[in-house]
Amino acid sequence: MARVVVIGAGVGGLAAAARLAAAGHDVTVCEQSSRIGGKLGWYERDGYGFDTGPSLLTMPGVFEDLFAATGGPLRAELDLRRLDPIASYRFADGTTLAAHADDDTFAAELDERLGAGAGSDWRRLADRAARVFDAAEGPFLSSPVRAGGLARLAWASPGDIAAVAPGRSLRGLGRSYLRDPRLRMMLDRYATYSGSDPRRAPAALVSVVHAERRFGGWYVPGGLRRLGEAIARRAEDHGARVLLDTPVLRVTRTPGGRVDGVRLADGSQLPADIVVANVDAAALYGQLVDDRRGRRRVQRATRSMSGFVLLLALSGRTPGLGHHTVTFPADYDGEFDAVFAGRLADDPAVYLAVPADPACAPPDSEAWFVLVNAAPHAPAAGRPDGRGLDWDQPGLADGYARHILDVLAARGLDVRSRLRWYKTITPADLARRTGSVGGSIYGGSSNGARAAFLRPPNAARVPGLFLVGGSAHPGGGLPLVVLSAGIVAGLVGAA
Ligand SMILES: Cc1cc2nc3c(=O)[nH]c(=O)nc-3n(C[C@H](O)[C@H](O)[C@H](O)COP(=O)(O)OP(=O)(O)OC[C@H]3O[C@@H](n4cnc5c(N)ncnc54)[C@H](O)[C@@H]3O)c2cc1C
C-alpha cells in the first residue's frame, strides 16, 4: 500500500483518488478551495442554480467504467438524461437547425435547413470521424503517451494514421468534406472543445464529432456538479480523505530526487510515496516542483482559450429554446483572431445552456449559462507570450456582459427586459478559483499539428510524480480527465 497525495479535487483528481483508494492505497486529496469539483462549479442565488463550468456530458461509458471499477454502477448513483437534440444552431443568415441525436433525423434536418446534400456531406465527415476515433481510442486516449503519440498510432496501422491525417488542420479537413460554410462552422467549433483554433488544431479533433454522436450528449438532473459529488463519495467510501482549504505549496523530494510528500501552507509536510498532481501542469512545473524540461514543455505550448461566463437570472420563459443553443457570428475567424491575440471578440459565437430543471430556476423563470470564448487572463505584468488580457481592469467584465446581451438581442434572443440579475465569471476568476494559469480551460491548446500529442505525460520525469487532469495527456473535458485518472491508476498499480 502506497501513501498517495492527490493535489486538487477537480474531476481528474477525484477520479484518480477513487481508483487508487479502491486499489488499496492510502489516499489523501488536498484541495486549495473550500469546495470540490474544480472547474465543475456551481453557483446559486435567489432560487436560481447554475453549473458554472461543464454543461454537456459526453462519453458516459467512461464514467460507467470508473464507477464499475470502484464498487458499483454509475446509474445507482446518478440519473443521466440523454439530450435530443444535443444542441440547436443559429447562423448569422437566420438559418436554424437542431442537432438531433438520431443520425438519419439529423441528416434529414441538414438537408431541409441547409439544402440537399448537406446531410450526406456531414455523414461522410462523421464516418471519417469514426475512423479517427477508433484509431485513437486505445493507443492514445486510454494509454500513457511517452516519447511520441504519433509514433504509437503509426504502429497501429497505416490506415489508421491516414485517417488521423497528421499535419492537416481541422479546418483543412472540413474544407475537403463540407461544401456548406455553415457546416464548416459547426465543425470548426469542435476545436474549441480543447480551447484551440480550428485553423491550427489537428484534423484528429474530428474524433469529438464521433464521440458526441455515437455516445450522445447528456445532462445530470440537479446539475453536472452532482457528478463530482458522486465521484468524491466513491473515493471516500474507499477510505480516501478529502481535505478542503488545503493548498499545496510544494512537492517535496528526497535527496535522490524521488517525491516524498507535499508542503502545505501552514509549513507542515504531508508524507507520501506517490504524488498525483491535478493542478494545471503549468502551475505544477512553474511553482510546485523543479523540472526544467517539464517547465520548458508547458511554456512552449500556446495557452488554450479561456471562457467568459455570464449567468443570467431571468423571469419568464423563452418559447422554443432548447437545452443547448449555439449562435454563430458571420465571421467566426474574427473571433479566433481576437482571442488568440489577447483581445475581446466583438461578435463572438455565443453558447447557451438552459436546462429545464427545477433545480436551476424557480417556476416561470430561466437560468441561462452563457459562454463566450475568451483570451486567458494576463495580469498587468503580462504573460510570457504577451497574448492575454487583463480581465481585472475595472469595468471590463460588466461592459463585456452588456455587450454580449446586445449581441444576443441582435441574434433574436433579447432577454434584457427579463433580466433579474446577472453574474460574470472571467478568466481571472477562473484562474483564482481553480489555479489554472490564466484561466485557460485546457492547459496548453492543441494549436499545431503535433500539439495534441505533446501534452505533458501522466508519468512525470520526477520519480513518484504523476499528472492527472485537463492540462495533461490525453486532454481536457470531463471524459478525458477521467480517462487520464484511469491511466494514472494503471501506472501506479495496485497496492
Ligand atoms: C466554462 C467551462 C465550460 C466547460 N464546458 C465543458 C463541457 O460542457 N463538457 C466537458 O466535458 N468539459 C467542459 N469543460 C472542461 C472541464 O470542466 C474540465 O476539463 C475539467 O473539469 C477539468 O478537470 P481537472 O481534473 O483537470 O481539474 P480542475 O477542474 O482544473 O481542478 C483542479 C483542482 O485543483 C485545485 N488546485 C489547484 N492548485 C492547487 C494547489 N496548489 N493545492 C491544492 N489544490 C489545488 C483547484 O482548486 C481545483 O479544484 C468546461 C470548463 C469550463 C471552465
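Residues numbered from 1 in each chain as written. Predicted model: local features only at pLDDT ≥ 70, side-chain atom pairs only at ≥ 80, totals over all residues. Heavy atoms only, no water.

(A) Just the packing of aromatic side chains, in detail. One pass over the structure, following the stated rule, counts 15 aromatic pairs. Ring centres 5.9 Å apart and planes at 15 degrees place the aromatic pair Tyr-89 and Phe-328 in the stacked group. With Tyr-89 in strand S7 (residues 87-90) and Phe-328 in the loop between strand S16 (324-327) and helix H14 (332-340), this pair connects stretches of sequence that are 239 residues apart. According to the relative accessible area criterion, Phe-328 is buried, its value standing at 1%. An angle of 85 degrees between the planes, with centres 6.4 Å apart, marks the rings of Tyr-351 and Phe-369 as edge-to-face. Placement of the pair is Tyr-351 in strand S17 (residues 350-353) and Phe-369 in strand S18 (residues 365-374), with a sequence separation of 18 residues. Sitting above the plane of the Trp-421 ring, Arg-45 keeps its charged end 4.0 Å from the centroid. The residue whose ring lies beneath Arg-200 is Phe-340, and the NZ or CZ to ring-centre distance is 5.7 Å. (Phe/Tyr/Trp six-rings, centres within 6.5 Å; stacked < 30°, edge-to-face > 60°. Helix = DSSP H or I, 4+ residues; strand = E, 2+ residues; numbered from the N terminus. Buried < 20%, exposed > 50% of the residue type's maximum accessible area, 1.4 Å probe, protein only. Lys NZ or Arg CZ within 6 Å of the ring centre and 35° of its normal.)

(B) Spotlight on the sheet that holds strand S10 (residues 241-243). Taken together, the 5 strands give an open sheet; going across it, the order is S10-S2-S1-S14-S20, and neighbouring strands pair in parallel fashion. Each of the sheet's edge strands pairs with one partner strand only, and the pair in question is S10 and strand S20 (465-467). Sheet twist, expressed as the average angle between the axes of neighbouring strands with direction ignored, equals 20 degrees. Pairing of strand S2 (residues 26-30) with S10 involves 3 bridges; the strand directions are parallel. Each bridged residue has a counterpart across the sheet, and for Thr-28 the counterpart in S10 is Arg-241. Against the sheet, helix H1 (residues 11-22) touches strand S1 (3-7), S2 and strand S14 (274-277), its axis set at about 165 degrees to S2. (Pairing = 2+ DSSP bridges. Axes fitted to C-alpha atoms, helices over the stretch in contact; angles between N-to-C directions. Contact = heavy atoms within 4.5 Å.)

(C) How the structure looks around the site of the ligand. Taken together, 35 residues form the shell around the ligand, and within it Gly-12, Glu-31, Lys-39, Gly-470 and Leu-478 come nearest. One of the backbone nitrogen or oxygen atoms of Ser-55 is found 3.1 Å away from an oxygen atom of the ligand. One of the side-chain nitrogen or oxygen atoms of Asn-278 is found 2.8 Å away from an oxygen atom of the ligand. Against a free-state accessible area of 1,000 Å², the protein chains account for coverage of 93% of the ligand. Of all the elements in the fold, those that place two or more residues in the shell around the ligand are H1, helix H16 (427-434) and helix H17 (478-492). (Near = heavy atom within 4 Å. Polar contact = N/O pair within 3.5 Å; in protein donor to acceptor, adjacent residues only side chain to side chain. Areas by Shrake-Rupley, 256 points an atom, 1.4 Å probe, with all protein chains shown as cover.)

(D) The arrangement of the packing of helix H8 (residues 170-177) against helix H9 (residues 181-188) in detail. Following both chains from N to C, one finds H8 and H9 inclined at 150 degrees, their axes separated by 10 Å at the closest point. One finds that H8 runs roughly antiparallel with respect to H9. Here H8 runs over H9; the crossing is right-handed. Contacts between H8 and H9 pair Leu-170, Arg-171, Gly-174 and Arg-175 from the former with Arg-184, Leu-187 and Asp-188 from the latter. Broken down by class, the residue content of the contact of H8 with H9 amounts to 2 nonpolar, 1 polar and 4 charged. (Parallel < 35°, antiparallel > 145°, perpendicular 65-115°, else oblique. Left-handed = near helix turned anticlockwise from the far one by under 90°. Nonpolar A, V, L, I, M, F, W, Y, C, P; charged D, E, K, R; others polar.)

Geometric values such as these leave the question of function open.
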